[in-house]
Amino acid sequence: MKHFSGVTGLPPRRFVVSQILFLLVILFWIFCGTGNAQKLAITFDDLPLNGLLPPGVTRVETTKNVLEILKKRHVPPVYGFINAKKLEGNADGAEALKLWAAAEPVGNHTYSHMDLEQNTAEAFEREIEENEPALELLDVNNSWHWFRYPYLREGDTVEKRRAVRAYLKTHGYTIAQVTLDWEDYLWNTAYARCVAKNDTKSIEWLRSSYLSTASEFLDLGREQAKLIYGREISYVLLMHLGAYSSTILSDALDLLKKKGFKLVTLEEAESDVAYESDPDVGLHDAGTLLDQWMQVKGIKYPEHAEKPYKEMESICQ
Ligand SMILES: [Zn+2]
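Here is a short report on the structure shown in this document. For every chain, the first residue of its written sequence is number 1, and the numbers climb from 1 along that sequence. Side-chain atom pairs in this predicted model are given and counted only at pLDDT of 80 or more, local residue features only at pLDDT of at least 70, and totals for whole chains, interfaces and linings cover all residues.

With that out of the way, let us pick up the packing of helix α8 (residues 200–229) against helix α9 (residues 245–258). Orientation is described by axes fitted as lines to C-alpha atoms, over the contacting stretch for helices, and by angles from 0 to 180 degrees between their N-to-C directions. By definition, any uninterrupted DSSP run of H or I lasting at least four residues is a helix, any uninterrupted run of E lasting at least two residues is a strand, and each is numbered from the N terminus. Close contact between α8 and α9 brings their axes to 11 Å; oriented N to C, the two are set at 30 degrees. As summarised for this structure, α8 and α9 are arranged roughly parallel, according to the angle between their axes. When the axes of α8 and α9 are compared, the crossing they make is right-handed. Contacts between α8 and α9 involve Arg 207, Tyr 210, Leu 211, Ala 214 and Ser 215 on the former and, on the latter, Ile 248, Asp 251, Ala 252 and Leu 255. Any residue outside Ala, Val, Leu, Ile, Met, Phe, Trp, Tyr, Cys, Pro, Asp, Glu, Lys and Arg is labelled polar, Gly included; the first ten of those are nonpolar and the last four are charged. Residues of the contact of α8 with α9, tallied by class, amount to six nonpolar, one polar and two charged. Orientation categories follow fixed angle ranges, with anything under 35 degrees roughly parallel, anything over 145 roughly antiparallel, 65 to 115 roughly perpendicular, and all other angles oblique. By definition, any crossing whose near helix is turned counterclockwise from its far helix by less than a right angle is left-handed, and any crossing with a clockwise turn is right-handed. Once C-beta atoms are placed from the backbone, any two residues with those atoms within 7 Å are in contact.

Let us now look at the pairing of strand β2 (residues 79–82). The two faces of β2 match: Tyr 79 and Phe 81 on one face and Gly 80 and Ile 82 on the other face are all buried. Two strands make a pair as long as DSSP finds a minimum of two bridges between them. As defined by bridge partners, strand β1 (residues 38–50) adjoins β2 across three bridges and the pair is classed as parallel. Across the sheet, residue Leu 47 finds its bridge partner in β2, namely Ile 82. Read as a crossover between parallel neighbours, the route from β1 over helix α2 (residues 59–72) to β2 is right-handed. Between the parallel elements β2 and strand β3 (residues 106–108), the chain passes through helix α3 (residues 91–103) in a crossover that is right-handed. Counts of 20 or more other C-beta atoms within 10 Å of a residue's own C-beta define buried residues, counts of 12 or fewer define exposed ones, and intermediate counts define partly exposed ones; C-beta atoms are placed from the backbone. By convention a crossover is right-handed if, when the strands point away from the viewer, the path from the first strand over the helix to the second runs clockwise.

Another aspect to go through is the packing of α8 against helix α11 (residues 289–297). Viewed as axis vectors pointing N to C, α8 and α11 meet at an angle of 45 degrees, and their least axial separation amounts to 10 Å. On the basis of their axis angle, the class for α8 and α11 is oblique. Here α8 and α11 pass one another in a crossing that is left-handed. Contacts from Gly 221, Gln 224, Ala 225 and Ile 228 of α8 reach α11 at Leu 290, Trp 293, Met 294 and Lys 297. In the contact of α8 with α11, the residues fall into five nonpolar, two polar and one charged.

All right, on to unusual backbone geometry then. Only a minority of non-glycine residues have a phi that is not negative, and only a minority of peptide bonds are not trans. Look at the link from Leu 47 to Pro 48: it is a cis peptide, with omega at 10 degrees. Position of Pro 48 among the secondary structure elements: in strand β1. Its identity as a non-glycine residue notwithstanding, His 113 has a phi of 60 degrees, on the positive side. Among the secondary structure elements, His 113 is positioned in the loop between β3 and α4 (121–130). A positive phi angle, close to 60 degrees, is found at Tyr 151, a residue other than glycine. Tracing the backbone shows Tyr 151 in the loop between β4 (146–147) and α6 (158–170).

All right, on to the pairing of β1 then. Of all the 13 residues making up β1, 11 are buried; the element is thus mostly covered by neighbouring parts of the structure. Taken together, the three bridges between β1 and strand β8 (residues 261–263) define a ladder with parallel strand orientation. Bridged to Leu 40 within β8 is Leu 263. Across seven bridges, β1 lies against strand β7 (residues 235–242) in parallel orientation. Bridge pairing in β7 places Thr 43 opposite Leu 238.

What follows concerns the nonpolar core. Core analysis: the largest hydrophobic core is formed by 76 residues, its most contacted members being Leu 40, Val 236 and Leu 237. Looking at which element gives the most residues to this core, the answer is α8, with eight residues. In contact with Leu 237, other than residues within four places in its own chain, are Leu 40, Ala 41, Ile 42, Thr 43 and Leu 180. Here, a nonpolar core means buried Ala, Val, Leu, Ile, Met, Phe, Trp, Tyr and Cys residues linked by C-beta atoms lying within 7 Å of one another.

A few words on α3. Over its 13 residues, α3 extends 19 Å from the first C-alpha to the last, a length consistent with the 18 Å expected when each residue adds 1.5 Å. When α3 is considered as a whole, its buried residues turn out to be Gly 93, Ala 96, Leu 97, Trp 100 and Ala 101. Along α3, the residues classed as buried sweep out an arc of 135 degrees about the axis, all on the same side. Projecting away from the buried face of α3 at angles above 90 degrees are the exposed residues Ala 91 and Ala 102. On the buried face of α3, the contacting elements are β1, α2, β2, β3 and α5 (132–138). To estimate the expected span of a helix, subtract one from its residue number and multiply by 1.5 Å. Regarding the arc, it is the one traced by the directions from the helix axis to the C-beta atoms.

Turning to the environment of Asp 254, a few remarks are in order. With respect to the helices, strands and loops of the structure, Asp 254 is situated in helix α9. Residue Asp 254 is classed as exposed on the basis of its 12 C-beta neighbours within 10 Å. Considering only alpha carbons, one finds Asp 254 and Arg 73, 181 residues apart in sequence, at a separation of 9.9 Å.

In this model helix α7 (residues 185–196) runs 18 Å from its N-terminal to its C-terminal C-alpha over 12 residues, within 8% of the 16 Å that 1.5 Å per residue would give. Of all the residues in α7, the buried ones are Tyr 185, Leu 186, Trp 187, Asn 188, Ala 190, Tyr 191, Cys 194 and Val 195. Those residues of α7 hidden inside the fold are in contact with β1, α8, β7, α9 and α12 (309–314). A positive backbone phi angle near 55 degrees is found at Asn 198, which sits one or two residues after α7.

Dropping the structure here:
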């Protein structure tokens, strides 16, 4: 029998033990790395579809592609917030929404994407109710009592804010807050236009501007959380299901991974106590929960690059 001993060699047992120890250190390191990762829940708004589509592309196709990516990448359940009015006379949209609901959870985003700043609390509440029959039909698991405010506008007066919040509470809803947002919807219609024009140079620019903006606003959101709460929180990311979603989603997921985020469900992200507090004031177009707190607390924004609003409007016109 050959022994693993000699002048320089280790005895077999010590050799095995040192190997096991090495493996344990590596596993511990990996585990801690994952354990410390910042939790993030992805959510999609404006289902069945936000913005325009390129000619010949259907909502069903777009939705299918996005669902495939989410499944392939093992993303935990992703809430899609629906506006049932978009289904009226739109078989493609209705079919797309059925596909989504068969694979991922759905939530309420009002019937017609109503702006609370332009309407009364009562009209807004009617819109929440009007959206419910579609949710009931789509969701056999009855897990649709999550509400996302259109335009993230939660009330321009404190009375409106409180009235709608009270309504939501009475009707069993949890508010699906947003704490990270790079306004990805800006790229949906722009992409549809550029594809229609077969403008490959502009399409390449859309990709680089999307990823640099996403990176910038992920970092900014984390800085905001530290300024507000003195720590990082579990985040909720807002995305919009549209023409560009299936093209860019894999890259966006890679970016989130590179930034150290661990994807979780909306329920898990919002179990962070940060979501228990409410600024409780009337605000005009205040943005994410973090943006609202920055405004209320009078905290100065860290330096950051702005979103390319002008370029997105003019590209491929
Ligand atoms: Zn929306």
